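Close look at the chain arrangement
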Amino acid sequence: MPVEFVGGGFESFTAALDRYRHNLDDLTPVWESLGKTLEELHAEGFKAQRQAGTSNKWAALSPEYKAWKDSVRPGRKILEFDGDLKDSLTKPGRGIRVYEPGKMVFGSDIPYAKYHMRPDGNRPARKPLIDAKKSRAFKTAVTARIQSFIVKGTVS
């Protein structure tokens, strides 16, 4: 619903409000920028073997699985067997990246990725690689970019 100001001298103010409203119509540039940040945060998490933006270390591999993995993929870290999962979350052009005016979708297209979220007899459940509610870096990135885009029309 448009806001109407009665009286003189409000032209520049209403023009700014219209620009802000227009900038809210399509946040695609914000989502694209956040996609890059998510790739960086995931890369940080894979490197440190923890949930990105927190101190939550990933659950260790079971001794049996670790011994087997070390024999077939020596030196590979947790969640890095062939590197496909890591690549799908850390490299541009990989995984799922959807940026639309009112939403973004970011994730892995590796079919087995979902199984890391559920425990079974051989594997512990792992927390999300990035917890948007707990990651200060992610919340700061989202807030700063949306504010910048609304006010300036650019993502900084």
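Please refer to the structure higher up on the page.
Report on the accompanying structure.

Criteria and thresholds
- Position numbers for residues start from 1 in each chain and track the written sequence from start to end.
- Totals for whole chains, interfaces and linings use all residues, but because this is a predicted model, local features are given only for residues with pLDDT of at least 70 and pairs of side-chain atoms are given and counted only at 80 or more.
- Values shown for side chains rest on all heavy atoms present in the structure; no hydrogens or waters enter the calculation.
- A run of DSSP states H or I qualifies as a helix once it reaches four residues; a run of E qualifies as a strand once it reaches two. Both are numbered from the N-terminal end.
- Relative accessible area decides the class of each residue, using a 1.4 Å probe on protein chains only: under 20% of the type maximum gives buried, over 50% gives exposed, and in between gives partly exposed.
- Each reported salt bridge corresponds to a side-chain nitrogen of Lys or Arg within 4 Å of a carboxyl oxygen of Asp or Glu.

1. Considering unusual backbone geometry
Generally, phi is negative for residues other than glycine and the peptide bonds are trans, each holding for most cases. Here Gln-49, not a glycine, exhibits a phi torsion of approximately 60 degrees, which is positive. Although it is not a glycine, Leu-79 adopts a positive phi angle of roughly 65 degrees. With respect to the helices and strands, the residue Leu-79 is situated in the loop between helix H3 (63-72) and helix H4 (84-90). Looking at Leu-79, the relative accessible area reads 12%, which means it is buried.

2. Brief notes about the pattern of salt bridges
In the structure shown here, the tally under the stated rule is seven salt bridges. Of the charged contacts, one joins Asp-82 and Arg-73 as a salt bridge, the two residues approaching to 2.7 Å between their closest N and O atoms. Judged by its relative accessible area of 43%, Asp-82 falls in the partly exposed class. Judged by its relative accessible area of 27%, Arg-73 is partly exposed. Close ionic contact of Asp-87 with Arg-94 constitutes a salt bridge, the shortest N to O distance being 3.5 Å. The buried category is assigned to Asp-87, whose relative accessible area is 17%. In this structure Arg-94 comes out as partly exposed when scored by relative accessible area, which is 31%. Look at the salt bridges and you will find they share partners, linking Asp-87, Lys-91 and Arg-94 into a network.

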